[in-house]
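Chain and residue survey
Next come the chains, spelled out residue by residue.
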Amino acid sequence: MSPDALIVAAALGLAAGFLGRLAWRTFASRRNSGCAGGCGCASKLAKK
Amino acid sequence: MSAAPLPRIAVVGNPNTGKSTLFNALTGLRQRVGNYPGVTVARKSGTCDLGGGRLVELIDLPGLYSLAAVSPDERLVIDVLLGRLAGEAPPDLVLVVCDATNLLRNCFLAAQIAELGLPAVIAVNQSDVARERGIEIDAPLLGDRLGTAVALVSAWKGEGIADVRRALLRGLDQRPLIRRSEWPAAIAAALEEVAAVARDATGRDVPPALAQRFLFDAAPTLAESAGWAAPSREPVLRAARDRVRRAGLNPPAAEPLIHYARLRRDLEGVVRGAGRESRSAAVDRLLLHRFLGPVCFAAFMLGLFWSVFALAKPPMEWILAGVDALKSLVAPSLETMPMVQSLVTDGILGGVGAFLVFLPQIAILFLLVGLLEDSGYMARAAFIMDRMFGWCGLNGKSFVPLLSGFACAIPGILSTRTIEDPKARLATAFAVPFMSCSARFPVYALMCAAFIGPQHGALWESVAMVGMHLVGLLFAVPTAFILTRVVLRVRPAPFVLELPRYQLPKLKDVLWRVWQSVWEFIQKAGTIIFALTIVVWALSYFPRDEALADRARVAAVAKGADADAAEAAAAAAQVENSWMGRMGKTIQPVFDPAGFDWKLTVGVLASFPAREVIVSTLGITYALGEETGADSESLYGAMREARWTEGPRAGTPIFTLPTVLALMVFFALCSQCGSTVVTLARETGGWKWAGLSFGYMTALAWLAAVVVYQVGTALMS
């Protein structure tokens, strides 16, 4: 794999991982009792 | 070894007494925000130094007019004061905050607190406003009459804070009880009877204040939450109320009559000066006028958006220039890695840059809205909205959540907790996402910057903005009407909205809130938008087909195109062949009646997690379809130049006025925010209403976009 493709694959993997984690926290996890972070406004209520 | 817990002081008071301002002045930045266990009401507490290193914990409770509470946050106040919350003992002291300009009504709550038997002191806030109106308050005399420490304070001006600290110290040391009202014999006997039966039925001690709530309150909310079941409760309460009636008193009216009669005596000589008509009242005669009020409101909104566009123009141009400079700086150094070069310039800088360019508009919008809020005008806006849209059956309290929804639907939905009727709360939460939140702003702003502004000028940009904010309201109102009147059959409830006085906004507070919004916007650009741009770029970049690009290049040259145009044709062919292009072309027929081409379709689909994503998605798809390194301004140019390549509209511009308006209307109405849907599901206790809201809003958005496009096109042809 060329360095070019390797960097792009790594960036894509990180981005997909971040979005997957965010989707999990938003839709499935009950960890945040208010907003799950999409807009960030109400998540302040949930954070101590 | 853990430290001994700090003494706890509960801060209670009527809404709009400046209770939270006083709480902030006493605690400074030492605050914690959390949730009460088992209930969805925010718990705000902070540490306060009363002097000499004597620390206490202050708990800021939701505002309420009376202990006859029905809404969840009002009920919570009683639970906290009675120590009925799991793991929380009753507070050591209560600080009752009263409004100096309306002392009699505010002291009613103090009289009810007295019945709880908790030590309490009083802070008479807004003393500066009272002084301005010619009202003089004799605090020591009031303290003597009520039997507790009374401090005069202006939390807003920071006057008298030391007196409040001294009163709290005295309260903790001497544990004074506010003098209780004397109940007529019939009521006292009825209360004893109620307390005794309730104690036997629930197996818990029933303090006199709770027995009063059982006897006087028409709603059985507190009795039910105390676990006193209706079969045991109703005959006892009926008999007790009959006993009160036989003594010539009306049970629901007896409590205020007795407290107010006593308080009028207590306040004699304490409050001097009748008070002049305030400047606020004079201004309100115009701003709350039945006809001129809404006209002024519309003029304020037009002026607000016009200012946003006019003031934000130069800084937006600086950001555009900065992004372009960054692109030309980075692109040459990545020439050996064309894939990474495209990812950075077209994907990240193209996508995130297209989004970040709206930062000045967001900052100026929040600055102006913050100034209006702090000046006291926004409460008037809720009043005007109530008068204009109250007929649709929404609870009066619904208009504050609806107004919050203009900033973000999530706090709007969360603030529906102040509505006591669960059906009215549901109807309001359903209507809130229709309000045009700030996330829609970049979408409207992109369309205004690319089309409406250049073609029609800044005034029409403002008109389009106000129009889009009205579109949400125009659909929310009939939706609420059907929900409240036909589906849920909500009973109308009385509405009390206290209008705060007009005041000069505190620039520091406003700037702090602007910074919070700006930081949130930047965080979003650096996280969600950044990650999504990488994914959208990859979907729009792969798979690469060099043979296809060559064919497009050759075809363009054969038509007489120069080298740059031939490269652009090759890039456009690659984007059309990408996964995103294929997906867009497959789904495009669904959005074809609304005039959306495949790129707009892709933008709409990518925006379902968060609606602003369309801006970065269009930034990427148009940047990839151009030569590498195209500047940001060319996004607007490329959109203006975009033409249909096939079908009956081939060769005509994609972005006509009907298409632009259809797209804006679609975004005004569509449910494109994952967090809002989840919050709605959590607040309504399941996915049924959230799913219904999503389906209804999305279908409505599609239908409205189709109608706008079809009617607009027919009118313009």
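Residues numbered from 1 in each chain as written. Chains lettered and ligands numbered in written order. Predicted model: local features only at pLDDT ≥ 70, side-chain atom pairs only at ≥ 80, totals over all residues. Heavy atoms only, no water.

Focus on the overall build of chain A
Regarding its fold elements, chain A presents two helices and zero strands. Across the 48 residues that make up chain A, the buried fraction comes to 40%. Carbon and sulfur atoms provide 67% of the accessible area of chain A, an area that totals close to 2,800 Å². (Helix = DSSP H or I, 4+ residues; strand = E, 2+ residues; numbered from the N terminus. Buried < 20%, exposed > 50% of the residue type's maximum accessible area, 1.4 Å probe, protein only. Areas by Shrake-Rupley, 256 points an atom, 1.4 Å probe, with all protein chains shown as cover.)

Focus: the overall build of chain B
Scanning chain B from N- to C-terminus turns up 31 helices and nine strands. Classification of the 717 residues of chain B by burial places 54% in the buried group. Looking at chain B alone, contacts between residues at least 24 apart form 75% of all its contacts between residues at least 6 apart. (Contact = heavy atoms within 4.5 Å.)

Side note on the side chain of E461(B)
Looking at where E461(B) falls in the secondary structure, it is placed in helix 21 (residues 458–487). Of the side chains with opposite charge, K313(B) lies nearest to the buried E461(B), which makes no salt bridge, at 6.8 Å. (Lys, Arg positive; Asp, Glu negative; His and termini not counted. Salt bridge = Lys/Arg side-chain N within 4 Å of Asp/Glu carboxyl O.)

Let's talk about the side chain of S398(B)
Residues and elements named next belong to chain B. Following the sequence through the fold, S398 ends up in the loop between helix 16 (377–389) and helix 17 (399–404). Overall, S398 belongs to the buried group, its relative accessible area being 0%. There is a polar contact of 2.8 Å between the side chain of S398 and the side chain of T428. Dropping the residues within four chain positions of it, S398 is found in contact with I419 and T428. (Polar contact = N/O pair within 3.5 Å; in protein donor to acceptor, adjacent residues only side chain to side chain.)

Concerning helix 10 (residues 230–246) of chain B
Residues and elements named next belong to chain B. In this model helix 10 runs 24 Å from its N-terminal to its C-terminal C-alpha over 17 residues, within 8% of the 24 Å that 1.5 Å per residue would give. Looking at the buried positions of helix 10, the neighbouring elements they touch are helix 7 (185–202), helix 8 (208–216), helix 9 (221–225) and helix 11 (251–267). Positive backbone phi, approximately 85°, marks G248, located one or two places after helix 10. (Expected span 1.5 Å × (residues − 1).)

Describing the environment of Q212(B)
Residue and element names in this part refer to chain B. Structurally, Q212 can be placed in helix 8. Taking the relative accessible area as the measure of exposure, Q212 reaches 2% and is therefore buried. Separated by 97 residues in the primary sequence, Q212 and E115 place their C-alpha atoms 8.7 Å from one another. Other than its neighbours up to four places away in sequence, Q212 contacts E115, R180, W183, L191, D217 and E255. One polar contact links Q212 to E115, side chain to side chain, over a distance of 2.7 Å.

Notes on the pairing of strand 4 (residues 55–60) of chain B
Residue and element names in this part refer to chain B. By the criterion of burial, strand 4 is predominantly enclosed, with five of the six residues buried. Relative to strand 4, strand 1 (residues 8–13) is paired through four bridges, and the arrangement is parallel. Note on strand 4: the bridge partner recorded for A10 is I59. (Pairing = 2+ DSSP bridges.)

Some words on the environment of V271(B)
Residues and elements named next belong to chain B. Structurally, V271 can be placed in strand 9 (residues 271–272). Along the primary structure V271 and I135 are separated by 136 residues, whereas in three dimensions their C-alpha atoms are 6.8 Å apart. Excluding residues that lie within four positions of it along the chain, V271 makes contacts with L103, I135, E136 and I137.

A look at the confidence of the model for chain B
All names here are of chain B. Mean pLDDT over chain B stands at 86; residues scoring 70 or higher make up 94%. When pLDDT is averaged over each helix and strand of chain B, the minimum, 50, is found for strand 2 (residues 31–35) and the maximum, 96, for helix 29 (residues 657–669). Model confidence for the complex: the whole-complex pTM is 0.67, and ipTM, which rates the interface, is 0.74. (pLDDT = per-residue confidence, 0-100.)

Regarding the pattern of salt bridges
Residues and elements named next belong to chain B. This structure, assessed with the given rule, holds 22 salt bridges over all chains. Put simply, D217 and R213 hold a salt bridge, and the shortest N to O gap is 3.0 Å. The class for D217 is buried, based on a relative accessible area of 11%. Across the pair E567 and R553 runs a salt bridge whose closest N-O atoms are separated by 2.9 Å. Of the two residues, E567 sits in helix 24 (residues 563–577) while R553 sits in helix 23 (residues 546–558), which places them 14 residues apart along the sequence. If you follow the salt bridges from partner to partner, you end up with R179, R262 and D266 in one network.

A closer look at the pairing of strand 1 of chain B
The side chains of a regular strand alternate between both faces of the sheet. All names here are of chain B. Of all six residues in strand 1, six are buried, a share of seventy percent or more. Here strand 1 shows no split at all, with R8, A10 and V12 on one side and I9, V11 and G13 on the other all buried. Looking at chain direction, strand 1 and strand 5 (residues 93–99) are connected through five bridges and run parallel. Its bridge partner being in strand 5, I9 is matched across the sheet by L93.

Considerations on the packing of helix 29 of chain B against helix 31 (residues 687–716) of chain B
Residue and element names in this part refer to chain B. Where helix 29 meets helix 31, the axes come as close as 8 Å, and the angle between the chain directions of the two elements is 165°. The pairing of helix 29 with helix 31 is recorded here as roughly antiparallel in orientation. Crossing hand, helix 29 versus helix 31: right-handed. Of the residues in helix 31, those touching helix 29 at L657, P658, T659, L661, A662, V665, F666 and L669 are M697, L700, A701, W702, A704, A705, V708, Y709, G712, T713 and M716. Looking at the contact of helix 29 with helix 31 residue by residue, the class counts come to 16 nonpolar, three polar and no charged. (Axes fitted to C-alpha atoms, helices over the stretch in contact; angles between N-to-C directions. Parallel < 35°, antiparallel > 145°, perpendicular 65-115°, else oblique. Left-handed = near helix turned anticlockwise from the far one by under 90°. Nonpolar A, V, L, I, M, F, W, Y, C, P; charged D, E, K, R; others polar.)

Considerations on the nonpolar core
If you look at the biggest cluster of nonpolar residues, it comprises 146 residues, and the most contacted ones within it are M447(B), W537(B), F596(B) and F655(B). Among the elements that make up this core, the one with the highest residue count is helix 22 (residues 507–541) of chain B (14 residues). Once residues within four sequence positions are removed from consideration, W537(B) is found in contact with V8(A), M339(B), S342(B), L343(B), D346(B), G347(B), F542(B), I620(B) and L624(B). Among the nonpolar cores identified, the runner-up in size contains 65 residues, and I122(B), L146(B), L210(B) and L263(B) belong to it. (Core = buried A, V, L, I, M, F, W, Y, C linked by side-chain atoms within 4.5 Å.)

As for a nonpolar patch on the surface
On the surface, L657(B), L703(B), V707(B), V711(B), L715(B) and M716(B) cluster together into a nonpolar patch covering about 580 Å² of accessible area. For V707(B), a relative accessible area of 47% corresponds to the partly exposed category. (Patch = residues over 30% accessible without salt bridge, like charges linked within 9 Å, V, L, I, M, F, W, Y side chains within 5 Å.)

Topic: the packing of aromatic side chains
Residues and elements named next belong to chain B. Per the stated rule, a full pass over the model turns up 20 aromatic pairs over all chains. When the centroid spacing of 5.8 Å and the interplanar angle of 85° are considered together, the rings of F430 and W689 count as edge-to-face. Placement of F430 in helix 19 (residues 422–431) and of W689 in helix 31 is noted, with a sequence separation of 259 residues between them. Exposure class is identical for F430 and W689. Each is buried. Taking 5.8 Å as the distance between ring centres and 10° as the angle between the ring planes, the aromatic pair formed by F591 and F596 counts as stacked. Residue classification places F591 among the buried positions, given a relative accessible area of 8%. (Phe/Tyr/Trp six-rings, centres within 6.5 Å; stacked < 30°, edge-to-face > 60°.)

Let's talk about the confidence of the model for chain A
Here chain A shows a mean pLDDT of 68. Residues at 70 or above account for 56%. Predicted confidence is poor over residues 31–48 of chain A, with pLDDT under 50, and the contacts of this stretch with residues over four places away or in other chains come to 44 contacts.

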